[in-house]
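Results of the structural survey
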Amino acid sequence: MSEPEYTIALEGVTFTYPGTDIGVHDVTLGIRPGELLAVIGPSGCGKSTLLKIIAGFVQPSHGRVIIGGKDAAGIPPRQRNIGIVFQTYTLFPHMTAWENVAYPLKLRGQDQASRRAKAVDILGRVGLGTQTDNLPAQLSGGQQQRVALARALVFDPQALLLDEPLSALDAALRVEMRDEIRRLQRMHHIATMHITHDQEEALSMADRVAVMQNGRLVQVDKPRDIYARPVNREVADFIGQANLWTGHITGPTNVGTPFGTLTTLPHGRNTGDKVAVLVRPEGLLLGRGPGDINSFTGAVTRDRFLGSFRRFDFEIGGVTLLGETGDMGEITAIHIPPTSIQLLPETGSAQS
Ligand code: ADP
Ligand code: MG
């Protein structure tokens, strides 16, 4: 049988918690074989609920969950053959690292010798080859999370679901573990949903990023496209640094902002329309001569040196703009090229 296009597919899936209208609404989403899909969104937007639906812990009221090309309705969680890692390590404290990793194999009736061999092998692959007999209390947080990852992979699941697996770790370890998860995920060529509320984590790890708001998917795209072409103001604000202003269209290539009128590329909107105006910090250039379009004089009110570049606040008539540049000279004017300006819907109802 040929591999289905998606290892996991959701088709119009809705689930609400009993007695509420909170949950996930009409989610359509696919994770391809070997793909790492990051799901990102503010706390409470429904990310973990989405995971529970895929894992089979809760049943959708509408729509279908398709795993490995088969409708998963009625298939209990364990038979879905999916590895899951949660934020907290959830290791059994009285079992050694290898016994924890081997546990899913025990549940599946494998004999002790082969369980142990498989657990030790995969612990080696996550860099814990010398700690197989340690108890969880004898391992650091990062090591415990590696054990949890090994346990999620040891039974050759067809997909991996990771629910904010790095949130409990300190900053340096979090960055290191991003690479570790990505390496393992690639090595196993396993379809993976990685839930996070950390946009840098999502952008740096994922093949595609799915942005959720209020129980709905608002955009699914490659990291670069999410950053460069957010579908609405909320996505632009949530992903990356952003200058966002409420603007009014004043002409076919003009928009009024709180600090003055900008010349844009032809935008096809109607005069008087209300829009969100987006300029990324790196799209704000240092000022050129007076008379240039979209040039403004003002003053730097905050300047942060960050090694190869600096991030600065620039005030124009009471409005503060955020800029980034590698130029370390004095800044007295800025320039916003029309190609740096995006006009977005003010509020988020756009579906992709
Ligand atoms: P996230 O993982 O994105 O932070 P969740 O999926 O955990 O969000 O929760 C989504 C919404 O559903 C939240 O408003 C949360 O309070 C609510 N919720 C989660 N679990 C339950 C539950 N068992 N009963 C009722 N509401 C719940
Ligand atoms: Mg959650």
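Since the structure is predicted, the reported quantities are computational estimates derived from the model, not experimental observations. (Residues numbered from 1 in each chain as written. Chains lettered and ligands numbered in written order. Predicted model: local features only at pLDDT ≥ 70, side-chain atom pairs only at ≥ 80, totals over all residues. Heavy atoms only, no water.)

Considering the site of ligand 1
Put simply, the rule reads: Near, as used in this document, describes a residue that has one of its heavy atoms within 4 Å of the molecule or strand being considered. Here the open area of atoms and residues is found with the Shrake-Rupley method and a 1.4 Å probe, where only the protein chains shown may cover a residue. Here the term charged refers only to Asp, Glu, Lys and Arg, the term nonpolar to Ala, Val, Leu, Ile, Met, Phe, Trp, Tyr, Cys and Pro, and the term polar to all other amino acids, Gly among them.
Surveying the vicinity of ligand 1 reveals the residues Tyr 17, Ile 22, Pro 42, Ser 43, Gly 44, Cys 45, Gly 46, Lys 47, Ser 48, Thr 49 and Lys 52. Isolated, ligand 1 exposes 560 Å² of accessible area, and the fraction of that covered by the protein chains is 61%. Residue composition of the shell around ligand 1, by class: four nonpolar, five polar and two charged.

A short note on the packing of helix H4 (residues 141–153) against helix H5 (residues 171–187)
What counts, and what does not: To obtain an axis, a line is fitted to C-alpha atoms, over the contacting stretch when the element is a helix, and the angle between two such axes runs from 0 to 180 degrees between their N-to-C directions. Per the convention used, a helix needs a DSSP run of H or I reaching at least four residues, while a strand needs a run of E reaching at least two, with both numbered from the N terminus. Reported orientations rely on four angle classes, namely roughly parallel under 35 degrees, roughly antiparallel over 145, roughly perpendicular from 65 to 115, and oblique for the rest. Note on convention: the crossing is left-handed when the near helix lies turned anticlockwise from the far helix by less than a right angle, right-handed when the turn is clockwise. We call two residues contacting when some pair of their heavy atoms lies within 4.5 Å.
For the pair H4 and H5, the least separation of the axes is 11 Å and the interaxial angle reads 20°. By the angle between their directions, the pair H4 and H5 is classed as roughly parallel. Crossing of H4 over H5 shows right-handed handedness. Residues Gly 142, Gln 145, Arg 146, Leu 149 and Leu 153 of H4 form the contact with H5, whose own contacting residues are Leu 173, Glu 176, Met 177, Glu 180, Ile 181 and Leu 184. Its residues placed into classes, the contact of H4 with H5 shows six nonpolar, two polar and three charged.

Section: unusual backbone geometry
Which entries qualify depends on this criterion: In this scheme, a residue with accessible area under 20% of its type's maximum is buried, one over 50% is exposed, and one in between is partly exposed, where area comes from a 1.4 Å probe on protein chains only.
Although it is not a glycine, Asp 26 sits at a positive phi angle of roughly 50°. Assignment of secondary structure puts Asp 26 in strand E2 (residues 23–31). Of the residues examined, Asp 26 reaches a relative accessible area of 44% and is grouped as partly exposed. In this structure, Glu 164 is a non-glycine residue whose phi angle is positive, near 45°. Mapped onto the fold, Glu 164 is located in the loop between strand E7 (159–163) and H5.

Side note on the pairing of strand E11 (residues 243–251)
Put simply, the rule is: By this definition, two strands are paired if DSSP reports at least two bridges between them.
Sheet topology places E11 next to strand E14 (residues 274–279); six bridges connect them, and they run antiparallel. Bridged to Gly 247 within E14 is Val 275. Where E11 meets strand E12 (residues 254–257), three bridges bridge the pair, whose relative direction is antiparallel. What sits directly across from His 248, in E12, is Gly 256. From the end of E11 to the start of E12, which pair antiparallel, there are two residues.

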